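Chains, contacts and geometry: an overview
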Amino acid sequence: MNQVRIDKWLWAARFFKTRGAATEAVLGGRVHVNGERAKPSKPVRAGDTVEVTIGTVRRAVAVIEAALYAETAESLAAREQHALERRLARPPGADLGGRPTKQARRRLDSLRQVRRRDR
């Protein structure tokens, strides 16, 4: 591998499902090559460092060959920490409790009807 366009490399390395998605990410400023913001046509060579942000996860990888890369230890540790935080976080709406029972739903409906009559 001499050099490959960054959008093709991101697609070939399976960071993105389509080359178009990779191009959008590069144009959106979510891809940096050797610490600098890249354009889709930026050539990537073996030995370059690529930083990719997908969602809230930032990955830093070293380019080895055409579709091969090695993730840096710092990036791997940060990604594992982020996954652990997501696992331990309470899902939205967890503090609301379960669904109301049939009896509780009937009480709520009757309260709502009383409020409508008072208006």
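The preceding data block contains the structure.
A few points on the structure. (Residues numbered from 1 in each chain as written. Predicted model: local features only at pLDDT ≥ 70, side-chain atom pairs only at ≥ 80, totals over all residues. Heavy atoms only, no water.)

1. Considerations on the overall build of the chain
A tally of helices and strands in the chain yields four helices and seven strands. Ordered by position from N to C terminus, the α and β elements of the chain give β-α-α-β-β-β-β-β-β-α-α. Compactness check: the chain gives a C-alpha radius of gyration of 24 Å against a globular reference of 14 Å for 119 residues, more than 25% above the reference. Reported as C-alpha extents along the three principal axes, the dimensions of the chain are approximately 75 × 30 × 20 Å. Taken over 119 residues, the chain has a buried fraction of 24%. In the chain, 38% of the contacts between residues at least 6 apart in sequence involve partners at least 24 apart. Looking at the chain as shown, the accessible area adds up to about 8,900 Å², and 51% of this sits on carbon and sulfur atoms. Each charge class in the chain can be summarised by its mean position, and for the 26 positive and 13 negative side chains these summaries are 12 Å apart. (Helix = DSSP H or I, 4+ residues; strand = E, 2+ residues; numbered from the N terminus. Rg over C-alpha atoms; globule rule 2.2 N^0.38 Å. Buried < 20%, exposed > 50% of the residue type's maximum accessible area, 1.4 Å probe, protein only. Contact = heavy atoms within 4.5 Å. Areas by Shrake-Rupley, 256 points an atom, 1.4 Å probe, with all protein chains shown as cover. Lys, Arg positive; Asp, Glu negative; His and termini not counted. Charge placed at Lys NZ, Arg CZ, Asp CG, Glu CD.)

2. Re helix H4 (residues 102-118)
The end-to-end C-alpha separation of H4 is 25 Å, in line with the 24 Å expected for 17 residues at 1.5 Å each. H4 sits mainly on the outside: zero of its 17 residues count as buried. (Expected span 1.5 Å × (residues − 1).)

3. Things to note about the pairing of strand S5 (residues 49-54)
Judged from the three bridges that link them, strand S2 (residues 31-33) and S5 form a sheet pairing that is antiparallel. Note that in S5 the partner of His-32 across the bridge is Glu-51. The sheet contact formed by S5 and strand S6 (residues 57-63) spans six bridges and is antiparallel. Directly across from Ile-54, in S6, lies its bridge partner Val-57. Hairpin connection between S5 and S6: a loop of two residues separates the two successive antiparallel strands, and Gly-55 in this loop has a positive phi of roughly 70°. (Pairing = 2+ DSSP bridges.)

4. A look at the pattern of salt bridges
In the structure shown here, the tally under the stated rule is six salt bridges. Across the pair Arg-79 and Glu-71 runs a salt bridge whose closest N-O atoms are separated by 2.7 Å. A salt bridge links Asp-109 to Arg-112, with the nearest nitrogen and oxygen atoms 3.7 Å apart. Note that Asp-109 and Arg-112 are positioned in helix H4 at a spacing of three residues, about one turn of the helix. A relative accessible area of 35% means that Asp-109 is categorised as partly exposed. One network of salt bridges, in which partners are shared, links Arg-5, Asp-7 and Arg-19. (Salt bridge = Lys/Arg side-chain N within 4 Å of Asp/Glu carboxyl O.)

5. Observations regarding the nonpolar core
Core analysis: the largest hydrophobic core is formed by 17 residues, its most contacted members being Ile-6, Trp-9, Leu-10, Phe-15, Phe-16, Val-31 and Val-50. For this core, the secondary structure elements donating two or more residues are helix H1 (6-12), helix H2 (19-27), S2, S5 and S6. In this structure Leu-10 touches Phe-15, Phe-16, Ala-22, Val-26, Val-31, Val-50 and Val-52, once residues within four positions along its chain are discounted. (Core = buried A, V, L, I, M, F, W, Y, C linked by side-chain atoms within 4.5 Å.)

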